[in-house]
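Structural characterization, general
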Amino acid sequence: QHQLMQLSKATDLTAEWWTSTDQGMVLQFRHAPIAKEVQVFAHVGFLYPRNRLEVIPALEHACFIGDQFPDDTVMWNESGKQLPATKKSIKRYVNMAKHGRSYDAQMNGNGVRRIAGLIGRDCLSIGIPPIPRIDDIEKEFGEIFDQYYYSIAATLEEEV
């Protein structure tokens, strides 16, 4: 939890720790800065729906339960409107997530995007602003996210 707080302070964004369960990814811990640029609505205990084409369920599908999303899977367009997910979009998300680290291409209905990475059967994420554009995500957030991602992974390996 201390490292989540450090990540949140370093980025001034909400940092989250998700755990894979039989029902899906559940938010176990989170730390949000006082003055938030991005309002993340998920609270501890939130079960991420598997039918949302977002980075958390995409990582779960790609790495744990198979890349077949439910038929009623939804996605969001650039203006935040919910639409049925296309096969092309599902394939793109799953392909990005197969490496265990990915990010949301579009904001969800709450205006939130995440960059996330798996650590064992858990997932570290930060809520990132709807802007910068998708091609700027790695430049803006990738380096600092990776710094904490690898640090947390190494700490957990030492504890095991």
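What comes next concerns the included structure. Here the residue index of a chain counts from 1 through its sequence in written order. Residue-level local features of this predicted model are given only where pLDDT is at least 70; pairs of side-chain atoms are given and counted only at 80 or more, and the full residue set underlies all totals for whole chains, interfaces and linings. Values shown for side chains rest on all heavy atoms present in the structure; no hydrogens or waters enter the calculation.

**With respect to the overall build of the protein**
Threshold: Note on conventions: DSSP H or I runs of at least 4 residues are helices, E runs of at least 2 residues are strands, and numbering of each starts at the N terminus. Three labels apply to residues, based on accessible area from a 1.4 Å probe with only protein chains included: buried if under 20% of the type maximum, exposed if over 50%, partly exposed otherwise in between. Contact criterion: two residues are considered in contact whenever any of their non-hydrogen atoms come within 4.5 Å of each other. Accessible surface area values rest on a Shrake-Rupley calculation with a 1.4 Å probe, where residue burial reflects the displayed protein chains alone.
When you go through the protein residue by residue, the secondary structure sums to four helices and seven strands. Going from N to C terminus, the protein has its helices and strands arranged as α-β-β-α-β-β-α-β-β-β-α. Of all 160 residues assigned to the protein, the portion counted as buried reaches 48%. Looking at the protein alone, contacts between residues at least 24 apart form 51% of all its contacts between residues at least 6 apart. Roughly 8,400 Å² of accessible area belongs to the protein as shown, and the carbon and sulfur atoms make up 51% of that amount.

**A look at the pattern of salt bridges**
Working definition: two side chains of opposite charge can pair if their charged atoms are close together. Applied cut-off: Should a side-chain nitrogen of Lys or Arg be within 4 Å of a carboxyl oxygen of Asp or Glu, the pair is scored as a salt bridge.
By the definition in use, this model includes three salt bridges. Taking the shortest distance from any N to any O, the salt bridge between Arg114 and Glu16 comes out at 2.6 Å. You can see Arg114 sitting in strand 6 (residues 113-119) and its partner Glu16 sitting in strand 1 (residues 15-21), a full 98 residues away along the chain. Accessibility classification places Arg114 together with Glu16 in one group, the buried group. Note that Glu60 and Arg50 form a salt bridge whose closest N and O atoms lie 2.7 Å from each other. Of this pair, Glu60 sits in helix 2 (residues 55-65) while Arg50 sits in the loop between strand 2 (24-31) and helix 2, and the two are 10 residues apart along the sequence. In this structure Arg50 comes out as partly exposed when scored by relative accessible area, which is 23%.

**What to know about the packing of aromatic side chains**
Rule in force here: Stacked, edge-to-face and tilted labels apply to pairs of Phe, Tyr and Trp rings (six-membered ring for Trp) whose centres lie within 6.5 Å, assigned for plane angles under 30 degrees, over 60, and everything in between, in that order. Only when the NZ atom of a Lys or the CZ atom of an Arg is both within 6 Å of the ring centre and within 35 degrees of the ring normal do we say a charge sits over the ring.
Considering all chains together, one arrives at three aromatic pairs under this definition. Here the aromatic rings of Trp18 and Phe46 are separated by 6.3 Å at their centres, their planes lie at 75 degrees, and the arrangement is edge-to-face. With Trp18 in strand 1 and Phe46 in the loop between strand 2 and helix 2, this pair connects stretches of sequence that are 28 residues apart. Taking the relative accessible area as the measure of exposure, Phe46 reaches 30% and is therefore partly exposed. When the ring of Phe46 is compared with that of Tyr48, the centres are 5.7 Å apart and the planes differ by 75 degrees; the resulting orientation is edge-to-face. Residue Tyr48 is classed as buried on the basis of its relative accessible area of 2%. Among the aromatic residues, those joined into a ring-pair cluster are Trp18, Phe46 and Tyr48. Looking at Arg121, its charged tip hangs above the ring of Phe64, at a distance of 4.1 Å from the centre.

**Re the sheet that holds strand 2**
The criterion, for reference: Pairs of strands are assigned from DSSP output, requiring at least two bridges between the strands. As a rule, the C-alpha atoms of each element are fitted with a line to give its axis, helices using only the stretch in contact, and angles between N-to-C directions run from 0 to 180 degrees.
Strand order in the open sheet formed by five strands is 2-1-7-6-5, and the pairing between neighbours is antiparallel. One side of each edge strand has no neighbouring strand; the edge strands of this open sheet are strand 2 and strand 5 (101-103). Looking at each pair of strands side by side, their axes are set apart by 25 degrees on average, direction ignored.

**Section: the state of the cysteines**
Put simply, the rule is: Put simply, a disulfide is two cysteine sulfurs that come within 2.5 Å.
This structure, assessed with the given rule, holds zero disulfides. For Cys63, which is in no disulfide, the shortest distance to another cysteine sulfur is to Cys123 and amounts to 9.3 Å.

**Topic: the nonpolar core**
Cut-off, in case you're wondering: The set of buried Ala, Val, Leu, Ile, Met, Phe, Trp, Tyr and Cys residues whose side-chain atoms join them within 4.5 Å is what this entry labels a nonpolar core.
One finds Trp18, Met25, Leu53, Ile56, Leu59 and Cys123 to be the most contacted residues of the largest nonpolar core, which totals 23 residues. Secondary-structure elements contributing two or more residues to this core are strand 2, helix 2, helix 3 (87-97) and strand 6. Ignoring sequence-local partners within four residues, the contact set of Trp18 consists of Met25, Val26, Leu27, Gln28, Ala42, Phe46, Tyr48, Ile56, Arg114, Asp122, Cys123 and Ser125. Among the nonpolar cores identified, the runner-up in size contains 16 residues, and Tyr103, Leu124, Tyr148 and Ala153 belong to it.

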